[in-house]
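Residues per chain, in single letters:
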Amino acid sequence: MKSGRTRQYLDRRSMKYLLTLLIALLLVPLAESLVTGAEQSGDKQQHPASTDDVFVLPYFQGNGEDGVYFAWSRDGLKFESLNDGKVVFPAPDWGDESLTRDPSIVYRNGVYHMVWSTSWKSRTFGYARSTDLRNWTARKIEIWGQDAEGIRNTWAPELHWDDARDEFLIIWSTTTEAERHDGDGSEDPHDLDHRTYATRTRDFTSFTKPQLFFSPDPEFSVIDPYIAHDDGGTSDNPRDDRWVMVIKHEMSPGDGGKNLRLTFSAESMQGPYNTTLSSPVVGAGTDIVNHMGEGPSLLKHQGEWWLYWDSPGSPFAYCLATSPDLKTWKDRSGELSMPISRMRHGTVFRAPLAALHAAEPVTIDLSKRTWQGIPGLERTANGRVFVSWFTGGT
């Protein structure tokens, strides 16, 4: 009889355990929402907890040897770290091509697609994908193949989704030996002579052969191109649509360089683009952060253009200027609040706030017990929610 009662007790206990575990799991999202709501009512921003789109900034530190870090912001001005400021994507072990510089991400159909520079003198770039920012599948893309000769580097790949062609467009900067020794005097202070190249893919398995995408006229070295769509303020009328590319003039400041400029295409994301660049928008030689500017990303938010960029020699961790028309610009770098003092070349993009939850994981602590009889919730110092539940006792 005693044995039977014990078996019955254990069965009930197991059922109670499973039931309370299920309740706890269901309550976790609600708990996160309630806790975050309480924090926001106290004028604090801690961790993502709504379905609104937010600004996301993947970036690197140092030389990119550690991996890719992430920051996020609701308003595009105050950025907070993801993953408690720790690396979100660790640098892969690829020998001399193990850096994670210049990360660029497109979030599409629930998947983060990321590309980056693997070294200073690489013929490759990195690609990784993730659905939760915690588990990544990464591979090195030998984009130039073994037959291409005279390739000096493959810098700062930028990933774009071309909806019109139903494909991903990747553009980057490369110096070829042929360009470097063509005698046109367009070499930059590093004795390099970059032009913009491109490849296309739909599956990140097969890629088109790299092709020259952009070269200014008159010629000079350019790097860090980034493309944004401009609907002309009339989203229902595609006739006035155009594409704007912001790019770095890589010559020395004495030759008018180390700043960001614009060029446009009225035809498509993939050009052709006007070979005559605009006057400098931000960076060296301008009234907006008069230091070297590079690594731009451009997006439209609440009717204004927001241009972010990296300026290593400036007093700012990162830089921002806004414009209503891509002609007149306002320096807002002083309004930015960043989680660290020096962030390096990333790409600001927009993504649903819910898509960042996995980078701030809710932890269920199975070892924690309470005697309250209902699931208990508590927030730790680093913002994670622990769930505890009654499992019975002896």
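Structure first, text after, so check above.
Residues numbered from 1 in each chain as written. Predicted model: local features only at pLDDT ≥ 70, side-chain atom pairs only at ≥ 80, totals over all residues. Heavy atoms only, no water.

Chemist: In this structure, what is going on with the nonpolar core? I would like to understand it.
Modeler: Nonpolar side chains in soluble globular proteins tend to be buried together. In this structure, Phe70, Tyr112, Met114, Trp136 and Leu356 are the most contacted members of the largest nonpolar core, which totals 20 residues. In this structure, Phe70 is in contact with Val56, Leu57, Pro58, Tyr59, Glu80, Ser81, Leu82, Val88, Ile105, Leu133 and Trp136, ignoring residues within four places of it in sequence. If you look at the next biggest cluster of nonpolar residues, it comprises 18 residues, including Ala228, Val244, Val246 and Trp309. (Core = buried A, V, L, I, M, F, W, Y, C linked by side-chain atoms within 4.5 Å. Buried < 20%, exposed > 50% of the residue type's maximum accessible area, 1.4 Å probe, protein only. Contact = heavy atoms within 4.5 Å.)

Chemist: Help me understand the side chain of Asp132 in this model?
Modeler: Positionally, Asp132 belongs in the loop between strand S7 (125-130) and strand S8 (137-141). No salt bridge forms around the buried Asp132; measuring N to O, its nearest opposite-charge neighbour Arg134 is 5.8 Å away. Here the side chain of Asp132 touches Arg134 through a polar contact of 2.9 Å, landing on its backbone nitrogen. (Helix = DSSP H or I, 4+ residues; strand = E, 2+ residues; numbered from the N terminus. Lys, Arg positive; Asp, Glu negative; His and termini not counted. Salt bridge = Lys/Arg side-chain N within 4 Å of Asp/Glu carboxyl O. Polar contact = N/O pair within 3.5 Å; in protein donor to acceptor, adjacent residues only side chain to side chain.)

Chemist: Help me understand the pattern of salt bridges, please; the structure alone is not making it clear to me.
Modeler: Per the stated rule, a full pass over the model turns up 19 salt bridges. Among the ionic pairs, Arg152 bridges to Glu177, the shortest N-O distance being 3.2 Å. On the criterion of sequence distance, the pair formed by Arg152 in the loop between S8 and strand S9 (155-162) and Glu177 in helix H2 (residues 177-180) is long-range, its members being 25 residues apart. Among the residues examined, Arg152 registers a relative accessible area of 29% and is labelled partly exposed.

Chemist: Would you take a moment to explain the packing of aromatic side chains for this structure?
Modeler: Centre-to-centre distance and the angle between the planes together describe a pair of aromatic rings. Summed over all chains, the structure comprises 19 aromatic pairs. Judged by centre distance (4.8 Å) and plane angle (65°), the ring pair of Trp161 and Phe168 falls under edge-to-face. Phe168 matches Trp161 in its accessibility class, with the two residues each being buried. Aromatic side chains Phe168 and Phe204 sit 4.8 Å apart centroid to centroid with 50° between the ring planes, which places their arrangement in the tilted category. In this pair, Phe168 is assigned in strand S10 (residues 167-175) and Phe204 in the loop between strand S11 (194-201) and strand S12 (211-214), connecting sequence segments 36 residues apart. Each member of the pair Phe168 and Phe204 is classed as buried. (Phe/Tyr/Trp six-rings, centres within 6.5 Å; stacked < 30°, edge-to-face > 60°.)

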